[in-house]
Amino acid sequence: MDIYDKILFINSIELFKGLSAEEVKLIAEDSDVRQIRRGDLLFRENEPRKEIFLIASGRVELYKTTAFGDEQRITFFSRFDFLGEGSLMEDSPHSTSARAVEDSIILALNKELFRASGSIALVILSNITKVVSRRMRYANAKAMNLTAQYESGKTRLEHDLLGDRDVPYEYYYGIQTLRALENFNISGITLSFFPDFINALAMVKMAAAKANHELGHLPANITDAIVKACQEIIDNRFHSHFVVDMIQGGAGTSTNMNANEVIANRALEILGHERGEYVYCHPNNHVNLSQSTNDAYPTAIKIALMKANEKLVNVLQELTQALHKKGREFSHVIKMGRTQLQDAVPMTLGQTFEAFAVTLEEEVHQLNRTAALFAEVNMGGTAIGTGINADPKYSDKVIPYLRMITGMDIRLARNLVEATQDTGDFVTYSGSIKRLAVKLSKMSNDLRLLSSGPRAGFNEINLPPMQPGSTIMPGKVNPVIPEVVNQIAFKVIGNDLTVSLAAEAGQLELNVMEPVIVQSLFESIEMLKNGMLVLKNRCITGITANEEHCRDMVQRSIGLVTALNPYIGYDASTQIAKEALETGRSVYDLVLAKGLLSREELNKILDPATMIK
């Protein structure tokens, strides 16, 4: 970029509005043009703030690292956006990280330039205040009670089948979403709780717009505006305007219209019109073209569930890796195995944790296998699967766009009438996440038993202490992490029943109970994902073994005679077991006292390497 290009570019950025031509030229001369390759960082969390970054081309992702080391995407920035403006106001380090998601050209401005010129700094700080205020409005909308959103100094009049309503001007949703807000104040869990679902809705609408344009049903300018609005939503913008309760009547119509209205109003802005001027871009006539709630809504659900399943499986694999690591760490620790809570035969503590890992690894395949069923969708079926109001070629056009946009192997159902009314895939997948929950709960039960005590229980392992366990009993520490995983499992099991009942309640050509199916599945996935992260990071990785206590219990256990049976014979083993029960002496001591085995022979038999063969 030469100096002329820089000046034109800087004048297009909101941050520099109000500066004189001389001041803009000064900034352009001092700016550093950088070629940023995909994957490169502009700045990293906790690094000192030094520069403001202006995006001339490409896209940049802003993200934050959680306490567990996971990356949480905040938003995307593209041409004419800016980052790092906080460097002008404070010397604290960056609270987030920024990374190029495609090759980009960036103008970097050192903060000292602005600090050296009071007039430039004053204008820019004023502009920053406006931008921050606008960003905070969106953040506050998520935190506020939804009823507070009805209050607005400016409104726009919108019309639907039931009449006219004043809609607060600042919101992107419209009259039908407003009615849904009033009708369905049910769970308090709104669409905005599940970003994958919102993004999937935008992907469906984007694919539909592209297909309709290719078929000649949607003008290029409206198509481009809808596509851009959808991309912004996929980039995590405007999510706070998806406000409808997840549980709703109407088979998901309110959810579909919430998406249609937000996309239409954002597209209107892109086209240079006011929100609500639907003559230029209409929620139904344009955004919902060739669609019905009954094909667009379940298609979005399935795409979102496949994406959510990927995240769930990733967390599950992290947990299994942590369990395998503990298995290796405890491979030398001999302990007593139990059946029916009674002493059985010796084993290693490592085998206990390896068994935990393997049983959960089985669920990775199970989850992926059942989630793959969601790749079959009914796009183009419209109301009941007959394809009314859609071009006969529409299905064949929209599916390739869905594949391209989602990166998933989406395919069209063989029979759209059947696919529109069937919810069997949801039942199957719900059963898979219930199965995972049952296994996690069983493992949590075992962790609680193995750590029970510390003096009057098994006390074979120590769970990391997380918090004081009692308001009245000093020194008590409870197994709070396994306890919360148990409770998550109970909720998931209950949600599976809800899914089954809702699927059974379908009638004729449509199952109107899909909203509660969707809410139940997303809630279960989110709780399991969060629960497994907490279990791994706040429990499994910190478990230690009481090795001497484990060995002592093996030596004192009556069950030890089972391991000795091949060496001293069944009759002698029976007599040893009887005498141990009557006298309270350990099997180990009695075998030595009777000279049945030497200490060296006995210790060799009880060696972990021998015991597990």
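Preceding this paragraph is the structure being described.
This report concerns the structure included in the present document.

Definitions and cut-offs
- Residues numbered from 1 in each chain as written.
- Predicted model: local features only at pLDDT ≥ 70, side-chain atom pairs only at ≥ 80, totals over all residues.
- Heavy atoms only, no water.
- Phe/Tyr/Trp six-rings, centres within 6.5 Å; stacked < 30°, edge-to-face > 60°.
- Helix = DSSP H or I, 4+ residues; strand = E, 2+ residues; numbered from the N terminus.
- Buried < 20%, exposed > 50% of the residue type's maximum accessible area, 1.4 Å probe, protein only.
- Lys NZ or Arg CZ within 6 Å of the ring centre and 35° of its normal.
- Patch = residues over 30% accessible without salt bridge, like charges linked within 9 Å, V, L, I, M, F, W, Y side chains within 5 Å.
- Areas by Shrake-Rupley, 256 points an atom, 1.4 Å probe, with all protein chains shown as cover.
- Salt bridge = Lys/Arg side-chain N within 4 Å of Asp/Glu carboxyl O.
- Polar contact = N/O pair within 3.5 Å; in protein donor to acceptor, adjacent residues only side chain to side chain.
- Axes fitted to C-alpha atoms, helices over the stretch in contact; angles between N-to-C directions.
- Parallel < 35°, antiparallel > 145°, perpendicular 65-115°, else oblique.
- Left-handed = near helix turned anticlockwise from the far one by under 90°.
- Contact = heavy atoms within 4.5 Å.
- Nonpolar A, V, L, I, M, F, W, Y, C, P; charged D, E, K, R; others polar.

The next point concerns the packing of aromatic side chains. Within a pair of aromatic rings, the relevant descriptors are the distance that separates the centres and the angle that separates the planes. A complete count under the given rule lists eleven aromatic pairs for this structure. Between the aromatic rings of F9 and F80, the centroid separation amounts to 5.8 Å while the plane-to-plane angle is 25 degrees, which identifies the pairing as stacked. With F9 in helix α1 (residues 3–11) and F80 in the loop between β5 (71–77) and β6 (82–83), this pair connects stretches of sequence that are 71 residues apart. Under the relative-accessibility criterion, F80 is labelled partly exposed at 33%. Members of the aromatic cluster, joined through ring pairs, are F194, F197, Y297 and F522. Taking NZ or CZ as reference, R59 lies 4.5 Å from the ring centre of F76, over its face. Of note, R338 hangs over the ring of F458, and the distance from its end group to the ring centre comes to 4.1 Å.

As a further point, take unusual backbone geometry. Residues G453 and P454 are joined by a peptide bond in cis, for which omega reads 10 degrees. With respect to the secondary-structure elements, P454 resides in the loop between α14 (424–450) and β15 (461–462). Its identity as a non-glycine residue notwithstanding, F238 has a phi of 65 degrees, on the positive side. For F238, the location among the structural elements is in the loop between α7 (220–234) and α8 (253–271). A relative accessible area of 13% means that F238 is categorised as buried.

On the surface, a cluster of nonpolar side chains totalling about 310 Å² of accessible area is made up of I3, Y4 and L8. When you line up the elements, L8 lands in helix α1.

Note on placement: K439 falls in helix α14. Side chain to side chain, K439 and E363 meet in a polar contact 2.7 Å long.

Next up on the list: the packing of helix α5 (residues 175–183) against α8. Orientation of α5 relative to α8, taken along the N-to-C sense of each, is 140 degrees, at an axis distance of 8 Å. The orientation of α5 relative to α8 falls into the category oblique. In terms of crossing hand, the pair formed by α5 and α8 is left-handed. Residues I175, Q176, T177 and A180 of α5 form the contact with α8, whose participating residues are S254, M257, N258 and E261. Among the residues making up the contact of α5 with α8, the classes are represented as three nonpolar, four polar and one charged.

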